[in-house]
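Spelled out, the chains give:
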Amino acid sequence: MNISLKNKTALVCGSSAGIGKATAIQFARLGANVILLARNQDKLNSVKAELENDGSQTHGICIADFSKPEELRVAVAELTSTQNINILVNNTGGPPAGLISKANTTEFLEAFNQHLICNHILATAVIEGMKTDGYGRIINVISTSVKIPLKGLGVSNTIRGAVGNWSKTLANELGAFGITVNNVLPGATKTGRLSSIIENKAAKAGKPTTEVEQMMQAQIPLGRFAAPSE
């Protein structure tokens, strides 16, 4: 497909690594002005240096910690005070693995803040600019667990489901303004998040990480994990 994002500005969350970074790189390749958002300034600057630029593009960074929603609110308010965001990619690392029956309420509250609340802060900050431009794309990177809960990811399954329904509701409200809201449900993708899940499973089962990897890959039709760029 010949897709051009020329003159579009994309805000990509969690873009210091993994799927967020791969998305930012692809958006820049397609001509967008890319704003990278994460909590580590050094990593963001490193990714920014990797982004393609045809000479007319303006890339930037925005520093915020998703465990501190009010910090994010201030950062994105400052950002949107000077420019409209056309594309928002809500993406952040999932909650730690564990059984839901063993989870405490604090884990749910922390995950709810880092995912649904932060997504909402970001979306509501960019919506008015999208309405003004008559164009907007809000993309939420969540998980296949919104369809079928994943074993051992109790808190994540719960929060991802909440985000899924939040975004579907938002899509119904914003469609008339030329703004679409969609969810991307990645399967097992080779990121730091997946590595931590594998290590956790291996430790609990008393098995080598390579054995756990092989077991997980055997359940995937392609026989391998996805790459973030995919």
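Residues numbered from 1 in each chain as written. Predicted model: local features only at pLDDT ≥ 70, side-chain atom pairs only at ≥ 80, totals over all residues. Heavy atoms only, no water.

A. Local environment of the overall build of the chain. Counting secondary structure elements, the chain contains seven helices and six strands. The helix and strand sequence of the chain, counted from the amino end, reads β-α-β-α-β-α-β-α-β-α-β-α-α. Since a compact globule built from 230 residues should have a radius of gyration of about 17 Å, the 18 Å found for the chain is in line with a globular shape. With the principal axes as the frame, the chain shows a C-alpha extent of 55 × 35 × 35 Å. Of all 230 residues assigned to the chain, the portion counted as buried reaches 40%. Summarising the internal contacts of the chain: among those between residues at least 6 apart in sequence, 70% fall at separations of at least 24. When the accessible area of the chain is evaluated, it comes to approximately 12,200 Å², of which 52% is carbon and sulfur surface. (Helix = DSSP H or I, 4+ residues; strand = E, 2+ residues; numbered from the N terminus. Rg over C-alpha atoms; globule rule 2.2 N^0.38 Å. Buried < 20%, exposed > 50% of the residue type's maximum accessible area, 1.4 Å probe, protein only. Contact = heavy atoms within 4.5 Å. Areas by Shrake-Rupley, 256 points an atom, 1.4 Å probe, with all protein chains shown as cover.)

B. Here's a closer look at the layout of surface pockets. The volume enclosed by the second largest pocket comes to roughly 510 Å³. What lines the second largest pocket is a set of 24 residues, and nearest its centre among them are Ile-19, Thr-23, Pro-228, Ser-229 and Glu-230. For the lining of the second largest pocket, the secondary structure elements donating two or more residues are helix 1 (18-29), strand 4 (87-90) and strand 5 (136-141). For the lining of the second largest pocket, the element with the most residues is helix 1, which contributes seven residues. Here the lining of the second largest pocket is built from residues that sort into 17 nonpolar, four polar and three charged. (1 Å grid on protein atoms, 1.4 Å probe; cavity = no way out; pocket = protein on both sides within 12 Å on 5 of 7 lines; lining within 4 Å. Points joined across faces, edges and corners; volume = space filled by probe spheres on them. Nonpolar A, V, L, I, M, F, W, Y, C, P; charged D, E, K, R; others polar.)

C. Structural view of the pairing of strand 4. Here strand 4 shows two buried faces, one formed by Ile-87 and Val-89 and the other by Leu-88 and Asn-90. Strand direction decides the pairing type here: strand 1 (residues 9-13) and strand 4, joined by three bridges, are parallel. For Val-12, the partnering residue across the bridge sits in strand 4 and is Val-89. Examined bridge by bridge, strand 4 and strand 5 share four bridges and lie parallel to one another. Along strand 5, the bridge assignment pairs Val-89 with Ile-139. The handedness of the strand 4 to strand 5 crossover, carried by helix 4 (residues 105-133), is right-handed. (Pairing = 2+ DSSP bridges. Right-handed = clockwise from strand over helix to strand, strands pointing away.)

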